[in-house]
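So you can see what is in the structure, the chains are spelled out below.
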Amino acid sequence: MTTTKSKQKAIFQDVSENNIDPKLKSEMFPIVCIGASAGGLEALEQFLTNVPSASGFGYVIIQHLDPTQKGMLPEILQRKTKLKVLEVTDGMLVEPDSVYVIPPNKSMSIMKGKLHLFHPLETRGMRLPIDFFLQSLAEDRKELGVGIILSGMGSDGSAGIRAIKENNGRVMVQTPENAKFDSMPRSAIEAVSVDTVAPANELPAKLIELLKHIPAKKSNPEIEVKDDSSLEKIIILLHSYTGNDFSLYKKSTLYRRIERRMAVHKLNKITSYVNFLHENPNEGDILFKELMIGVTNFFRDANVWEKLKKTVIPSIINNAKSDPLLRAWVPGCSTGEEAYSLAIIFKEALEKTDREGVSMQIFATDLDNDSIERARKGVFRASIASDVSPERLKRFFVKTEEGYCVKTEIREMVVFAQHNLTMHPPFTKLDFISCRNLLIYLDHELQKKIIGLFYYSINPEGFLLLGSSESLGSQGNLFSTLDTKLKFYQKTALTQSPESFDFPTSFSKTNPVENEKTSPLESIPNIQTLADQLLLKYFSPVGVLVNEDGDIIYTSGRTGKYLEPSVGKANLNIFAMLREGLRQKFPLAFRKVIQKKVPVVLRNIKVGTKGDSQTLDIRIQPIEQPDLLKGNVMIIFKEVDTPLPVGNSSKAGSKIPRQLELEKELVQMQSEMQNTVEEMQTSQEELKSANEELQSTNEELQSTNEELTSSKEELQSLNEELQTVNAELLANADDYSRVNNDMKNLLNSTDIATLFLDKELNIRRFTNQATHIFKFIKSDIGRPFTDQVTNLIYPELEDDALEVLKTLIFIEKQIPAKDGRWFSIRIMPYRTNDDRIDGLVITFINISDLKQLEVGLEENEQMHRMCLDSTSDIFISLSANGDIKEFNRNAEFFFGINKEEVIGRNYVKMFVPKSEWAKTEKDINKLAKLGKPGKYEMTLLIAENKKALVIGTFQFLSSNLKASKVMMMMITKV
């Protein structure tokens, strides 16, 4: 059954491997994947703000984004870092000191340093983009891969960092207390042994420090020889701390894991780590966890499970002729995914056969007790949905708040136990052993011993499954190969027994030296203690301590006369172990004690034992003191003598009627009991019927609950996306607030009164300077501006505003105020970015100074005109290009022409003879270049056919050479 995850994995493995950048072939650098969800924007900003501009790492950000919205994350993050932030496009090459952000509605993987985008195959609420990318990163970068989990809801990323750890990469997590949403960080910490847990702003520095100690890909033999002594000391310390011997583990594996811990503690020498380990016993537990490499998941390698389901398990079922109970063993089971997968596959395979009554008992063992405890609970995160198909999830799991819980029918098939392959006795009479990816971490000598152990444990024709990188080595004669690629083997029958193997015994976790330090006084017998033991042995009554459910906690004395083991599976409940005679009255009395908390005594109870009977008094006593035993019940059995019949044998005949009467009463009582039993059976059937109805109702409710859970997951995913969008909007709001402040300060700094109106001419906004024209206050926003009191003498303002809204043509006027000020008023339409008219913008520019200057200029001009007209000289003013600007009355009289006829015409062409044009212009230009007043003689055409030689005085109005041709000419002599 192909899962979504395997489909996606097949997709990105099909990408061409030939397009690899030559730079990456020669120089591999660490790539850091940063996973975040809801509330992750703040953590990402804190992280990137503290990343140096030349760290030499590539950074890839995977966040849960709204698939329907355009991503704004790159623009927001770019403001917080000097690194180049890019949104990923398909086939983009990862380069050092750059940040790559996944686009919305995409899944992403990496191969040969290139990022590849895919359309998500999962539904919106079930996507795990962080896990998907981290798994590809682990395969692509190995020990140069780094996974960092920041704030977020759910458990996305937990499976991915396990893959990173399996490939000797580094894992860092934001401190849950520091995260806005702590679900993802806590889930990551529970999933693997994390290298570093720190606030988001401290992670970059710790990352750089951690990656300084990246171990070499190939161990240096010289270093190994040199450090053998230190390595042996570490193994001895681990032995004393955990009771497990790692002397036969591969040295390369040990060195890699030790180097990881050295990097965490910033130690450069292995001898320093030996001292650190010796002084910190807790470090031994952490190193032990590192060496366990507990990486697993459901249905790992889909082809293996298909082969197991279609071929191997049916063969095992068909071979189960005499014993219908099959036995399987999963050593190194970690948190139980492999064992539960085997149970599910067996259930599915059994349905396709015609065998009935066949069952399988699976023994799942591991060194790590914490992993075993988690496996026993059978509760897994929601992320297993990427490994387990929806059909299997619905059939074999129950959705809970914690995740998915394995159903009882699967859980009862698996027995979990802490077990050491090399030190504890093996399980025997096995039909199947699955030992994948365990032998690769062991030395060749230990591999050989364990394979021999497997041969000893498997039944004839039993099967063995190894990991993809494991083989039988020199012991290929013990098993025949069924599938070379998938590593399936079957036990062979040997004519000669294989060699036996002696496995070392385990070290005791208790220090033997401490055991020898026993006080001599403790070895001297105490008379009181011996007397108490003697009294308990010979004179105390037989007693049993049970809890409220009847489970036996402690027994005192010989209870065999009153209790016996039940048939079938071992059961230490007192109701199942009561002998004949106690099973009727005892349960009622026990229930009364539990309900009313009062002691009850059953007297003269006859109990049958091996064909004989005895009479008992039974006291059932609830316990209130001491507090340690409070709530439990003590049951005391006391034998009593059977009363002998009174009188001699001659009176025996007189007792016959009495005996007959007693027998009659006994028969009647048995009949009544039979009726009672029948009524109980009827009630039981009715209860069964009601129970079936309740089960049916429960299934419907469970189906409804699953639908609600699915909706909840989708809503949670949507909520995470909304959180991300909200964070982006908050960032934009901050930007807009900053821009608004800038605009406000800009408008106020220009000292221009500005008024913003909507289409109904209501006030939308105004600057501070506008309050000097209108009597505005803050509460006036939203009111019609025409209702406001103004100092302007501008009754047409409203009409002009409406006209601009109608025609979209701006109006500009100069309007006086009542206090003598003048304003240049400009009314313009308000246009939005999408070119919509959404009101008006009216600006009021104070031109009072200009107006005063204008009045002064007008007065000066009038005075100047009067002077020119009253002088007896001929005055002509020319522009820069020689055109006539001024022409006084004497000039009109002298030339015999009106002023209106000459203004704007060229002076030389109009009053100088044509033959003199070139010379006159040349002389004027030459004089103009001097830039100072001067006299010039010229021939002028006074009237038709009349010429006169005149002397003109030129006065230049500007010292600027570019304007030197601007001049005034006064003819003083004719």
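Analysis parameters
- Residues numbered from 1 in each chain as written.
- Predicted model: local features only at pLDDT ≥ 70, side-chain atom pairs only at ≥ 80, totals over all residues.
- Heavy atoms only, no water.
- Helix = DSSP H or I, 4+ residues; strand = E, 2+ residues; numbered from the N terminus.
- Contact = heavy atoms within 4.5 Å.
- Areas by Shrake-Rupley, 256 points an atom, 1.4 Å probe, with all protein chains shown as cover.
- Buried < 20%, exposed > 50% of the residue type's maximum accessible area, 1.4 Å probe, protein only.
- Pairing = 2+ DSSP bridges.
- Right-handed = clockwise from strand over helix to strand, strands pointing away.
- Salt bridge = Lys/Arg side-chain N within 4 Å of Asp/Glu carboxyl O.
- Expected span 1.5 Å × (residues − 1).
- Axes fitted to C-alpha atoms, helices over the stretch in contact; angles between N-to-C directions.
- 1 Å grid on protein atoms, 1.4 Å probe; cavity = no way out; pocket = protein on both sides within 12 Å on 5 of 7 lines; lining within 4 Å.
- Points joined across faces, edges and corners; volume = space filled by probe spheres on them.
- Nonpolar A, V, L, I, M, F, W, Y, C, P; charged D, E, K, R; others polar.
- Patch = residues over 30% accessible without salt bridge, like charges linked within 9 Å, V, L, I, M, F, W, Y side chains within 5 Å.
- Lys, Arg positive; Asp, Glu negative; His and termini not counted.
- Charge placed at Lys NZ, Arg CZ, Asp CG, Glu CD.
- Phe/Tyr/Trp six-rings, centres within 6.5 Å; stacked < 30°, edge-to-face > 60°.
- Core = buried A, V, L, I, M, F, W, Y, C linked by side-chain atoms within 4.5 Å.
- Polar contact = N/O pair within 3.5 Å; in protein donor to acceptor, adjacent residues only side chain to side chain.
- Parallel < 35°, antiparallel > 145°, perpendicular 65-115°, else oblique.

**Student:** Hey, could you run me through the overall build of the chain in this one?
**Tutor:** Counting its regular elements, the chain contains 30 helices and 35 strands. Put simply, of all contacts in the chain between residues at least 6 apart along the chain, 62% involve residues at least 24 apart. Taken as a whole, the chain presents about 54000 Å² of accessible surface, with 52% of it coming from carbon and sulfur.

**Student:** Where do I start with the environment of Met-866 in this structure?
**Tutor:** Residue position: Met-866 is located in helix H26 (residues 848-870). Overall, Met-866 belongs to the exposed group, its relative accessible area being 56%. Residues Met-866 and Asn-888, 22 residues apart in the sequence, show an inter-C-alpha distance of 9.7 Å.

**Student:** How should the pairing of strand S9 (residues 170-174) be read in this particular structure?
**Tutor:** Two faces belong to every sheet, and in a regular strand the side chains alternate between them. Counting buried residues in S9 gives five out of five residues, a clear majority hidden from the surface. What you see with S9 is no split at all: Arg-170, Met-172 and Gln-174 on one side and Val-171 and Val-173 on the other are buried throughout. Where strand S8 (residues 145-149) meets S9, four bridges bridge the pair, whose relative direction is parallel. Each residue of the ladder has a partner; that of Gly-147, found in S9, is Val-171. Handedness of the β-α-β unit built from S9, helix H7 (residues 183-191) and strand S10 (residues 196-198) comes out right-handed.

**Student:** Whenever I open this one, the pattern of salt bridges confuses me. Can you help?
**Tutor:** A complete count under the given rule lists 24 salt bridges for this structure. Note that Glu-177 is salt-bridged to Arg-186, the shortest N-O span being 3.6 Å. On the basis of relative accessible area, Glu-177 is assigned to the exposed category, the value being 62%. In this structure, Glu-190 engages Arg-381 in a salt bridge whose closest nitrogen and oxygen atoms are separated by 3.9 Å.

**Student:** Looking at this structure, I do not really get helix H5 (residues 129-141). What am I missing?
**Tutor:** Since the α-helix turns once every 3.6 residues, residues separated by three or four places project in the same direction. Given a rise of 1.5 Å per residue, 13 residues ought to cover 18 Å, and the 18 Å separating the end C-alpha atoms of H5 matches this to within 8%. Where burial is concerned, most of H5 is hidden: twelve out of the 13 residues are buried. When we look at burial in H5, the residues that qualify are Pro-129, Ile-130, Asp-131, Phe-132, Phe-133, Leu-134, Gln-135, Ser-136, Leu-137, Ala-138, Asp-140 and Arg-141. Where H5 terminates, the next one or two residues include Lys-142, which has phi positive at roughly 55°.

**Student:** Would you mind going over the sheet that holds strand S29 (residues 822-831) with me for this structure?
**Tutor:** What links the strands of a sheet is backbone hydrogen bonding, and the strands pair in either a parallel or an antiparallel sense. Pairing is antiparallel across the open sheet formed by five strands, whose spatial order is S27-S26-S30-S29-S28. Edge positions in the open sheet fall to strand S27 (763-766) and strand S28 (811-816), since each of these has one partner strand only. Ignoring which end each strand starts from, the neighbouring axes of this sheet average 20° apart. Pairing analysis gives five bridges linking strand S26 (residues 753-757) to strand S30 (residues 837-846), with the strands arranged antiparallel. Residue Leu-757 lies in a different strand from S30, and its bridge partner there is Leu-840.

**Student:** I tried to follow empty space enclosed by the protein on my own but got confused; where do I start?
**Tutor:** Enumeration over the complete set of coordinates arrives at three cavities of 30 Å³ or more. In this structure, the second largest cavity encloses a volume near 50 Å³. Around the second largest cavity, the lining residues are Leu-65, Asp-66, Gln-69, Lys-70, Gly-71, Pro-104, Thr-724, Val-725 and Glu-728. Split into classes, the residues belonging to the lining of the second largest cavity amount to three nonpolar, three polar and three charged.

**Student:** Teacher, can you tell me more about a negative patch on the surface here?
**Tutor:** Together, Asp-787, Glu-796, Glu-798, Asp-799 and Glu-803 make up a region of like negative charge exposed at the surface. Relative to the elements of secondary structure, Asp-799 occurs in helix H25 (residues 797-807).

**Student:** Honestly, the packing of aromatic side chains in this entry has me stumped. Any pointers?
**Tutor:** We describe a pair of aromatic rings using the distance from one ring centre to the other and the angle between the two ring planes. Following the criterion strictly, the structure yields 24 aromatic pairs and no others. Taking the centre distance of 5.9 Å and the plane angle of 85° together, the rings of Trp-329 and Phe-454 count as edge-to-face. Of this pair, Trp-329 sits in strand S11 (residues 325-331) while Phe-454 sits in helix H19 (residues 444-457); the two residues are 125 residues apart in sequence, bridging distant segments of the chain. Judged by its relative accessible area of 0%, Trp-329 falls in the buried class. Ring centres 6.5 Å apart and planes at 70° place the aromatic pair Phe-774 and Phe-785 in the edge-to-face group. Linking Phe-774 in the loop between S27 and H25 with Phe-785 in the loop between S27 and H25, this pair joins segments that are eleven residues apart in sequence.

**Student:** Looking at this structure, how should I read the environment of Lys-596?
**Tutor:** In this fold, Lys-596 is placed in helix H23 (residues 585-596). Residue class for Lys-596 comes out exposed when judged on its relative accessible area of 56%. Between the C-alpha atom of Lys-596 and that of Pro-622, which follows or precedes it by 26 residues, the distance is 9.5 Å.

**Student:** Please explain the sheet that holds strand S4 (residues 92-93) as it appears in this structure.
**Tutor:** Taken together, the three strands give an open sheet; going across it, the order is S4-S7-S6, and neighbouring strands pair in antiparallel fashion. In this open sheet, the two edge strands, each paired with only one partner strand, are S4 and strand S6 (107-111). The pairing of S4 with strand S7 (residues 114-118) spans two bridges and is antiparallel. Considered in S7, the bridge of Met-92 is made with Leu-115. Running over the sheet, H5 touches S6 and S7 and is turned about 0° from S6.

**Student:** Just to check I follow, could you spell out unusual backbone geometry for this structure?
**Tutor:** The bulk of non-glycine residues show a negative phi, and the bulk of peptide bonds are trans. Across the junction of Gln-625 and Pro-626, the peptide omega takes the value -5°, indicating a cis bond. The backbone of Lys-429 sits at a positive phi, close to 55°, despite the residue not being glycine. Following the sequence through the fold, Lys-429 ends up in the loop between strand S16 (414-418) and strand S17 (430-435). Its identity is not glycine, yet Lys-487 carries a phi of approximately 65°, on the positive side. Mapped onto the elements of the fold, Lys-487 is located in the loop between strand S19 (479-483) and strand S20 (488-491).

**Student:** Is there a simple way to explain a nonpolar patch on the surface in this structure?
**Tutor:** A surface patch of nonpolar side chains, amounting to about 260 Å² of accessible area, comprises Met-669, Met-673 and Val-677. Tracing the backbone shows Val-677 in helix H24 (residues 656-749). According to the relative accessible area criterion, Val-677 is partly exposed, its value standing at 33%.

**Student:** What should I look at first to understand helix H13 (residues 281-292) in this one?
**Tutor:** Spanning twelve residues, H13 covers 17 Å between terminal C-alpha atoms, matching the ideal 16 Å at 1.5 Å per step. Among the residues of H13, those classed as buried are Glu-283, Gly-284, Leu-287, Phe-288, Glu-290, Leu-291 and Met-292.

**Student:** Help me understand the pairing of S30 in this model?
**Tutor:** Most of S30 sits out of view: seven of its ten residues are buried. When S29 meets S30, the two strands line up antiparallel, connected through eight bridges. For Phe-823, the partnering residue across the bridge sits in S30 and is Asn-846. Where S29 folds back on S30, the antiparallel hairpin that results is connected by five residues, among which Asp-835 adopts a positive phi of roughly 60°.

**Student:** Help me out: how do you make sense of the nonpolar core in this one?
**Tutor:** One recurring pattern in soluble globular proteins is that nonpolar side chains are buried together. Core analysis: the largest hydrophobic core is formed by 47 residues, its most contacted members being Phe-397 and Phe-432. Looking at this core element by element, the count peaks at nine residues for helix H15 (residues 337-351). Look past the residues within four positions of Phe-432 in its chain and what remains in contact with it is Leu-308, Val-312, Ile-316, Arg-327, Ala-328, Trp-329, Leu-342, Phe-463, Leu-465 and Phe-488.

**Student:** What is the right way to look at the side chain of Ser-37 in this model?
**Tutor:** Note that Ser-37 resides in the loop between strand S1 (31-36) and helix H3 (40-49). Here His-64 takes part through its side chain, which lies 3.1 Å from a polar atom of the side chain of Ser-37. Residues in contact with Ser-37, not counting those within four places in the same chain, are Gln-63, His-64, Ser-151, Gly-152, Met-153, Met-184, Glu-720 and Thr-724.

**Student:** I keep staring at the packing of helix H12 (residues 270-279) against H13 and nothing clicks. Help me out?
**Tutor:** For any two helices packed against each other, the geometry is given by the interaxial angle and the distance between the axes. With their axes 5 Å apart at the nearest point, H12 and H13 run at an angle of 110° to one another. Here H13 runs roughly perpendicular to H12, going by the angle between their axes. Judged by residue contacts, Tyr-273, Phe-276, Leu-277 and Glu-279 of H12 engage Pro-281, Glu-283, Gly-284 and Leu-287 from H13.

**Student:** Would you mind going over the side chain of Asp-800 with me for this structure?
**Tutor:** Along the chain, Asp-800 turns up in helix H25. At 2.9 Å, the side chain of Asp-800 forms a polar contact with the side chain of Lys-813. Those residues in contact with Asp-800 that sit more than four places away from it in its chain are Tyr-794, Ile-811, Lys-813 and Ile-827.

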